[in-house]
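Below are the chains, spelled out letter by letter.
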Amino acid sequence: MMIQQQFAKSAAALLRNDPGVIGLAAGGSWIHKEMDPYSDLDLVLVTREKVAGNKSAMLAYAAKLGQLLNAFTGEHVGEPRLLICLYDDPLLHVDIKFVTLPEFHDRVEDPEILLDKDAALAGVISATTAVWPYPDYQWLEDRIWTWVHYIATKMGRGEYFEALDGVGFLRARVLAPLMQVKNGIRPKALRKVEKELPAADMDDLIATVADYDPAAISEALLHCVRIYKALRAQLFPADITFHTASELRSMAYLQEVSAMVQ
């Protein structure tokens, strides 16, 4: 049994007699049978009363489950209900999302139930449907050319670390998810792209990784645009509004900056 499974089994046993707990479930790589020695453990702890937002209560639950080294809430990833934990003996990263039973209805996947008092979690899963978030094509098209212009301004000013971060943002938030959709893979940014994407797409992503060099950053950004336009042509439906004027002006500006930094 892997350390993640051992920890989850122990956590379920420790929480079984807690009157405030309705159930415990595991998601992420656990349910996709992709867990390996480097995987973290994604747990969903369903409680009768709301615990999320009360950091002391969240920490108290986390401390019950093992030798807690450190923990912090997940506002930086847009999920304040999440407690990101590092345990020792064994050393393991565990994410615990604290939800109430009504909140458990809204989920991106169907987790594997580890503890389910009165079959409440199973009842929710059977009665509702998990919805995985897919890219909003119009949302991307509304933003992409302003992002391209912004990154170009950073190049022009000589803020190359900022420009590199901008290219990395496009790679993770725009290109990789669209490539995953194209290949029939659930979009999840750069997670496991090395294993899941075909060689041609990987070559394209690798070409967006630039050295700390203005000419290399410029070419990486231009390549991001080429990839985006190719994916847009393949994936976007006819009702998407393309921002042609923004595209033309942003690309002209990028070409100007690129010529300046060569």
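Our subject is the structure listed above.
What counts and how
Residues numbered from 1 in each chain as written. Predicted model: local features only at pLDDT ≥ 70, side-chain atom pairs only at ≥ 80, totals over all residues. Heavy atoms only, no water. Core = buried A, V, L, I, M, F, W, Y, C linked by side-chain atoms within 4.5 Å. Buried < 20%, exposed > 50% of the residue type's maximum accessible area, 1.4 Å probe, protein only. Helix = DSSP H or I, 4+ residues; strand = E, 2+ residues; numbered from the N terminus. Contact = heavy atoms within 4.5 Å. 1 Å grid on protein atoms, 1.4 Å probe; cavity = no way out; pocket = protein on both sides within 12 Å on 5 of 7 lines; lining within 4 Å. Points joined across faces, edges and corners; volume = space filled by probe spheres on them. Nonpolar A, V, L, I, M, F, W, Y, C, P; charged D, E, K, R; others polar. Pairing = 2+ DSSP bridges. Axes fitted to C-alpha atoms, helices over the stretch in contact; angles between N-to-C directions. Expected span 1.5 Å × (residues − 1). Polar contact = N/O pair within 3.5 Å; in protein donor to acceptor, adjacent residues only side chain to side chain. Phe/Tyr/Trp six-rings, centres within 6.5 Å; stacked < 30°, edge-to-face > 60°.

Asks: I'd love a proper account of the nonpolar core, names of residues and values included.
Replies: With 41 residues, the main nonpolar core has Ile-144, Met-155, Leu-170, Val-174, Leu-178, Tyr-228 and Leu-254 as its most contacted residues. Of all the elements in the fold, those that place two or more residues in this core are helix H5 (137–157), helix H6 (160–182), helix H8 (199–206), helix H9 (214–235) and helix H10 (244–261). Those residues in contact with Ile-144 that lie beyond four places of it in its chain are Leu-170, Val-174 and Tyr-228. Counting 28 residues, the second-largest nonpolar core is a separate cluster that includes Trp-30, Val-51, Leu-65 and Ala-71.

Asks: Account for the layout of surface pockets, with residues named and values stated.
Replies: Here the largest pocket defines a volume of roughly 1600 Å³. Along the walls of the largest pocket sit 43 residues, with Val-108, Trp-132, Pro-133, Pro-187 and Lys-188 positioned nearest its centre. Looking at the lining of the largest pocket residue by residue, the classes come out as 19 nonpolar, six polar and 18 charged.

Asks: Give a detailed account of the sheet that holds strand E5 (residues 92–100), specifying residues and quantitative values.
Replies: Hydrogen bonds between backbone groups are what pair the strands of a sheet, and the pairing can be parallel or antiparallel. Within the open sheet, the six strands sit side by side as E3-E4-E5-E2-E1-E6. Their pairing is mixed. In the strand order of this sheet, the two ends are held by strand E3 (67–74) and strand E6 (112–116), each with one partner. Taken pair by pair, the neighbouring strands of this sheet meet at an average axis angle of 25 degrees, ignoring direction. As paired elements, strand E2 (residues 41–47) and E5 share seven bridges and run parallel to each other. Its bridge partner being in E5, Thr-47 is matched across the sheet by Thr-100. Contacting strand E1 (21–27), E2 and E6, helix H4 (residues 120–127) runs over the sheet at an angle of about 145 degrees to E6.

Asks: Before we move on, can you summarise the environment of Gly-23 with the specific residues and values?
Replies: Looking at where Gly-23 falls in the secondary structure, it is placed in strand E1. What makes Gly-23 buried here is its relative accessible area of 0%. Residues Gly-23 and Val-44, spaced 21 residues apart in sequence, show a C-alpha to C-alpha distance of 8.3 Å. Apart from the residues lying within four places of it in its own chain, the contact partners of Gly-23 are Val-44, Leu-45, Val-46, Leu-115, Asp-116 and Leu-121.

Asks: Let's hear about H5: which residues, and what values?
Replies: Look at H5: 31 Å from first C-alpha to last across 21 residues, which is about the 30 Å you get at 1.5 Å a residue. Residues of H5 that are buried: Tyr-137, Gln-138, Leu-140, Glu-141, Ile-144, Trp-145, Trp-147, Val-148, Ile-151, Ala-152, Lys-154 and Met-155. Those residues of H5 that are buried lie in contact with H6, H9 and H10. The backbone nitrogen of Gln-138 lies 3.1 Å from a side-chain oxygen of the residue at the head of H5, namely Asp-136. Following H5 by one or two positions, Gly-158 has its phi on the positive side, about 85 degrees.

Asks: Before we move on, could you go through the side chain of Arg-107 and cite the residues and values that matter?
Replies: Its location among the elements puts Arg-107 in the loop between helix H3 (101–104) and E6. Not counting the four nearest positions on each side in its chain, Arg-107 is found in contact with Val-124, Ile-125, Thr-128, Thr-129, Ala-130 and Val-131.

Asks: Can you explain the pairing of E2? Please cite residues and give values.
Replies: Within a regular strand, side chains alternate between the sheet's two faces. Summarising burial for E2: six of the seven residues are buried, a large majority. Bridge count between E1 and E2: six bridges; the pairing is antiparallel. Bridge assignment links Leu-24 to a residue of E2, and that residue is Leu-45.

Asks: Describe the packing of aromatic side chains, with residues and values.
Replies: Applying the stated criterion to the full structure yields nine aromatic pairs. Ring geometry for Tyr-61 against Phe-98: centres 6.2 Å apart, planes inclined by 50 degrees, an arrangement best described as tilted. You can see Tyr-61 sitting in helix H2 (residues 55–64) and its partner Phe-98 sitting in strand E5, a full 37 residues away along the chain. Residue Tyr-61 is classed as buried on the basis of its relative accessible area, which comes to 12%.

Asks: Can you break down unusual backbone geometry residue by residue, with the values?
Replies: For the bond from Asp-89 to Pro-90, the omega torsion is 5 degrees, close enough to zero to count as cis. With respect to the helices, strands and loops of the structure, Pro-90 is situated in the loop between strand E4 (79–88) and E5. Residue Lys-33 is not a glycine yet carries a positive backbone phi of 60 degrees. For Lys-33, the location among the structural elements is in the loop between E1 and E2. In this structure, Ala-189 is a non-glycine residue whose phi angle is positive, near 55 degrees. Of note, Ala-189 is situated in the loop between H6 and helix H7 (193–196). By relative accessible area, Ala-189 is classed as partly exposed at 30%.

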